[in-house]
Amino acid sequence: MKKSLILKLFTHLEQGCQKICGGFCLFFSKYNTFQDLKMLELEHLHLKHVVQLVSALESIVLRSFGPEGGQVLFTRDTGQVMLSRSGKRILSALHLEHPLARMVVECIWKHSTITGDGSKTFVLLLASLLRMIHASATKEPHMSQPYNSTETTEAACARHLADRLLDFALTELDALIALNVLPHGFCVSLEDSTGKTEQSFQTLLLTFFNTRLGNVYCDFFRDLMCELLSHWKIKNDQPSFSIRFLNNNFPAMRTQVSGFPVGSSRLIEGQVIHRDFATPCPPLNEQSVKAVVFSGYLQPKLLTAGDVLELGCGNRATEDGSIVHFSSWTGRSLESIIATLKSFGVSVLLCALKQSSAALALATQTGMCLVECVSEEEISLFAQLSGVTPISDCWRICPEDIATLTFCKPILLGAHRYVHVDFHDSEERLNVKPCSLVICAPGEGQTDQYACAFQDAIRMLLTAWEPMHKSNITALMRTFPSNKFTSVHKDNMGDETAYASCSMNLHETCVIEPGCVLPAGGTFEFLLHHGLHQYGRSCSVSVNTSAVVPVSELLANALLSLPRHIYSHSPKFFLQAQTRVMALIPKQSHTLSSSAIQTEDLLEDGKLSLHSCKKGSMALTLLDLGLESVSCKYHLVLAVLQCLTSLLRVNKVLRTHTVLHTKSHKLLNTCSESTEDEDEDEVVSL
């Protein structure tokens, strides 16, 4: 008896551990001895393997990168064809077997989900950095600690270089951008989205849609985006607030319609709720329609989760627990609720849950329109636009919970019928003109691509217009040896080599203004490459740093590979673009006094602010390749360096021969799922 009880307890414990640990309990139950563990397939990852994996992803996205890039055609196992230029969709469509490659794609997906842009540039910059780190680690590892093999020494050196790069970017990159890049950019105001003379905002959107969808429909979607922003522009508020509102509620604002030409895409007033009426919709001729939102059931349920139904007590049934009496009570409750709603003049009921047949019949009898199973996103948007709160307790209905609508009627979009509502006095009360976006395309895949491009454009604008964090840093901007102020920056590389760098003995405030943009086509990379190169020279003047790999030079050379890819079809254009950018940089000695005098303004609190972006005119005029956001570029470089550090910390792949509960492919909607008998790889860092 005790033995069976112990065995049963062990079985439950094993199942619980398997749920928590994601399969590792099963792994150790199958391999109980150390000899069995040694028989597992353990793949050692060397630095060259990481470079090869990322280079393979680079070769795929290169086909669609730059102004001369084309679209990539994918054919799925089902025969469905996907034609796309979006780096995120291309990488998501790949069936990647190696866990490290899936790790890279996951990092790219997360970055693109936040900033909406830069997936292809992410891969190219990551591959370039890995190649340069590999070359530096192979040439001279610079490590004083003893290691068992050359590969281990190179891996340790590469990890240390990646850590130094990330630390350098987190502490110095924003200052270098403010000093070397921002003086050549300019700020774009959101007012330009409706202006007649200024075209910079439209150019920024045009550049984005061109890189994402190609040049066929980029003008059309740019105009549609500008019209959408003009409707949702909240008066007397920060521009980023309107964009953030669109970003948070975009899934409830869009409607995708397949089987129609792209030119049929348009804006329609009000909100489209993607459900049909559950009851017949009588014509509502009133000037205003009153609606209520319910988050629960109109008719009380007999049992809910966790409830216990007591049918009898011994040989006699309890009268209060009778099912017949309870059903009768719920019917009277439903009638009372409907009567209360009718007394308030409510004619539209929006419900988050599926209602009972009795509730539908009673709503039909009283002439109320009922919509059930409304999504959480649509209820949230409706509540924000109407100013009411969804009701959870049907017995507590008050006039403040009733929304006033201009109309509520069915609308036919494609092959589906939805509910179309508009809000009363929304312009006066909300200072906006609510509208919904209808995106049309011949195929379902194309419609989904255009909808994703729209949302990514909103994310890009949000990243570009949200002010970057302000940080008070001692010695914010690095200057060159002609300055009188010096400080020593120590690096834990080998023998703790210290090298001198010049800095300003002031507390500075780094501010990158919202909406700061630069001409596309490598302008950001050329300017930052020059600034990083000058920074590296200034750090090596006073102290011999031949034993230390300058991480600023690694990042500078990696950045320069991006414009090389842009102009790969004609190296002559690369040299012309680089020459024109370099010609704008002053020839005099690059000191803080000569560079910052043009850009610094004294604030009221006595601190210096780097408001380097000009307003109203473009500081650079290069090839007609559009505009790109400085803030998006900054976030991209940081994300790549964080991904680089994570990759180089992995040195082994352990195959557990079991499927884990958490799949790394769950965020990749277009790629196929792994089968149950497929081996699962675990990334291990030792």
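Here the structure is a predicted model, which means the values were calculated and not measured.

Draft legend 1. Up close: the sheet that holds strand E12 (residues 416–423). Strand order in the open sheet formed by six strands is E7-E12-E11-E8-E9-E10, and the pairing between neighbours is mixed. Every other strand in the sheet has two partners, leaving strand E7 (271–273) and strand E10 (369–371) as the edge strands with one partner each. The average undirected angle you get between the axes of adjacent strands in this sheet is 35 degrees. Relative to strand E9 (residues 346–351), strand E8 (residues 289–294) runs parallel, the two being bridged by five bridges. Across the sheet, residue valine 293 finds its bridge partner in E9, namely leucine 350. Taken strand by strand, helix H14 (residues 376–386) contacts E7, E8, E9, strand E11 (403–413) and E12, and its axis lies near 150 degrees from that of E7.

Draft legend 2. Fine view of the packing of helix H8 (residues 150–180) against helix H17 (residues 523–539). With their axes 10 Å apart at the nearest point, H8 and H17 run at an angle of 115 degrees to one another. Taken together, the axes of H8 and H17 lie roughly perpendicular to each other. The hand of the H8/H17 crossing is right-handed. Here Phe168, Glu172, Leu173, Leu176, Ile177 and Asn180 of H8 come into contact with H17, specifically with Phe524, Leu527, Leu528, Gly531, Leu532 and Tyr535. Tallied by class, the residues present in the contact of H8 with H17 amount to nine nonpolar, two polar and one charged.

Draft legend 3. Layout of the sheet that holds strand E5 (residues 254–258). Pairing is mixed in the open sheet, where three strands are placed in the order E5-E13-E6. Unpaired on one side and paired on the other, E5 and strand E6 (266–269) mark the two borders of the sheet. Sheet twist, expressed as the mean angle between neighbouring strand axes with direction ignored, is 30 degrees. Bridge analysis of E6 against strand E13 (residues 435–441) gives four bridges, and the strand direction is antiparallel. Bridge pairing in E13 places isoleucine 268 opposite serine 436. Running over the sheet, helix H10 (residues 218–231) touches E6 and E13 and is turned about 20 degrees from E6. With respect to the sheet, helix H16 (residues 444–465) is in contact with E5 and E13, its orientation differing from that of E13 by roughly 140 degrees.

Draft legend 4. Here's a closer look at the nonpolar core. Core analysis: the biggest nonpolar cluster contains 83 residues, and Leu126, Leu129, Leu173, Ile177, Leu528, Leu555 and Leu644 have the highest contact counts within it. Grouped together as the second largest cluster of nonpolar side chains are 66 residues, Leu205, Cys226, Val388 and Leu461 included.

Rules behind the numbers
Residues numbered from 1 in each chain as written. Predicted model: local features only at pLDDT ≥ 70, side-chain atom pairs only at ≥ 80, totals over all residues. Heavy atoms only, no water. Pairing = 2+ DSSP bridges. Helix = DSSP H or I, 4+ residues; strand = E, 2+ residues; numbered from the N terminus. Axes fitted to C-alpha atoms, helices over the stretch in contact; angles between N-to-C directions. Contact = heavy atoms within 4.5 Å. Parallel < 35°, antiparallel > 145°, perpendicular 65-115°, else oblique. Left-handed = near helix turned anticlockwise from the far one by under 90°. Nonpolar A, V, L, I, M, F, W, Y, C, P; charged D, E, K, R; others polar. Core = buried A, V, L, I, M, F, W, Y, C linked by side-chain atoms within 4.5 Å. Buried < 20%, exposed > 50% of the residue type's maximum accessible area, 1.4 Å probe, protein only.

Taken by themselves, the reported measurements are silent on function.
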